[in-house]
Amino acid sequence: MTTPQQLLSPSQTAVRLCVSPSTLAKWRVTGAGPTFTKVGARVFYDQSDLFDWLEQNKRSSTSSGSRGQNQ
C-alpha cells in the first residue's frame, strides 16, 4: 500500500531522475517513463515504482536492447 510519504510530485521526481519536468510530461504522453498516479488533475509518482522502473532500465552496455517495457 502506498502512503502519502511515498508519493512524489513531478518536480521531486525530475530531481531524483536528473531530468526536467517537461521530460517527465513527455514520458507520460508516450508511456516511456515510470508509472504515475493521477488524483484529479495532479500527478504523483510512487517511489517504489521509480525504483522498479530504474531496475527495468538497467543496461550493461549502450548496445544492449531494451529489457523492460519502458525505454
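This text follows the structure it describes.
(A) Focus on the overall build of the protein. Helices and strands together make up the secondary structure of the protein, namely three helices and three strands. Its helices and strands taken in sequence order, the protein reads β-α-α-β-β-α from the N to the C terminus. For the protein, with 71 residues in total, the buried portion stands at 23%. Considering only contacts in the protein between residues 6 or more positions apart, those separated by 24 or more positions represent 39%. As presented, the protein carries roughly 5,000 Å² of accessible surface, and 55% of it is formed by carbon and sulfur atoms.

(B) Highlighting the sheet that holds strand β1 (residues 7-8). The three strands are arranged β1-β3-β2 in an open sheet whose pairing can be described as antiparallel. Each edge of the open sheet carries a strand with a single partner, namely β1 and β2 (37-39). One ladder, built from three bridges, connects β2 with strand β3 (residues 42-46); its direction is antiparallel. Looking at the pairing, K38 lines up with V43 of β3.

(C) A look at the pattern of salt bridges. Taken as a whole and assessed by the stated rule, the structure comprises one salt bridge. E55 is the partner of K58 in a salt bridge, and the nearest nitrogen-oxygen pair spans 3.1 Å.

(D) Helix α1 (residues 10-17), seen in detail. Those residues of α1 that sit buried are T13, A14 and L17. Seen from one end, α1 has its buried residues packed into an arc of 100°, which puts them on one side. Buried residues along α1 sit in contact with β1, α2 (21-30), β3 and α3 (47-56).

(E) Expanded view of the environment of G33. Residue placement: G33 occurs in the loop between α2 and β2. Linking G33 and T23, residues 10 residues apart in sequence, is a C-alpha distance of 9.0 Å.

(F) Summary view of the packing of α1 against α2. One can describe the packing of α1 onto α2 by two numbers: an axis separation of 8 Å at closest approach and a directional angle of 105°. The pairing of α1 with α2 is recorded here as roughly perpendicular in orientation. Along its contact with α1, which presents P10, T13, A14 and L17, the element α2 presents P21, L24, W27 and R28. Looking at the contact of α1 with α2, its residues break down into six nonpolar, one polar and one charged.

Conventions used here
- Residues numbered from 1 in each chain as written.
- Predicted model: local features only at pLDDT ≥ 70, side-chain atom pairs only at ≥ 80, totals over all residues.
- Heavy atoms only, no water.
- Helix = DSSP H or I, 4+ residues; strand = E, 2+ residues; numbered from the N terminus.
- Buried < 20%, exposed > 50% of the residue type's maximum accessible area, 1.4 Å probe, protein only.
- Contact = heavy atoms within 4.5 Å.
- Areas by Shrake-Rupley, 256 points an atom, 1.4 Å probe, with all protein chains shown as cover.
- Pairing = 2+ DSSP bridges.
- Salt bridge = Lys/Arg side-chain N within 4 Å of Asp/Glu carboxyl O.
- Arc of directions from axis to C-beta.
- Axes fitted to C-alpha atoms, helices over the stretch in contact; angles between N-to-C directions.
- Parallel < 35°, antiparallel > 145°, perpendicular 65-115°, else oblique.
- Nonpolar A, V, L, I, M, F, W, Y, C, P; charged D, E, K, R; others polar.

Read these as layout, nothing more, since geometry by itself doesn't imply function.
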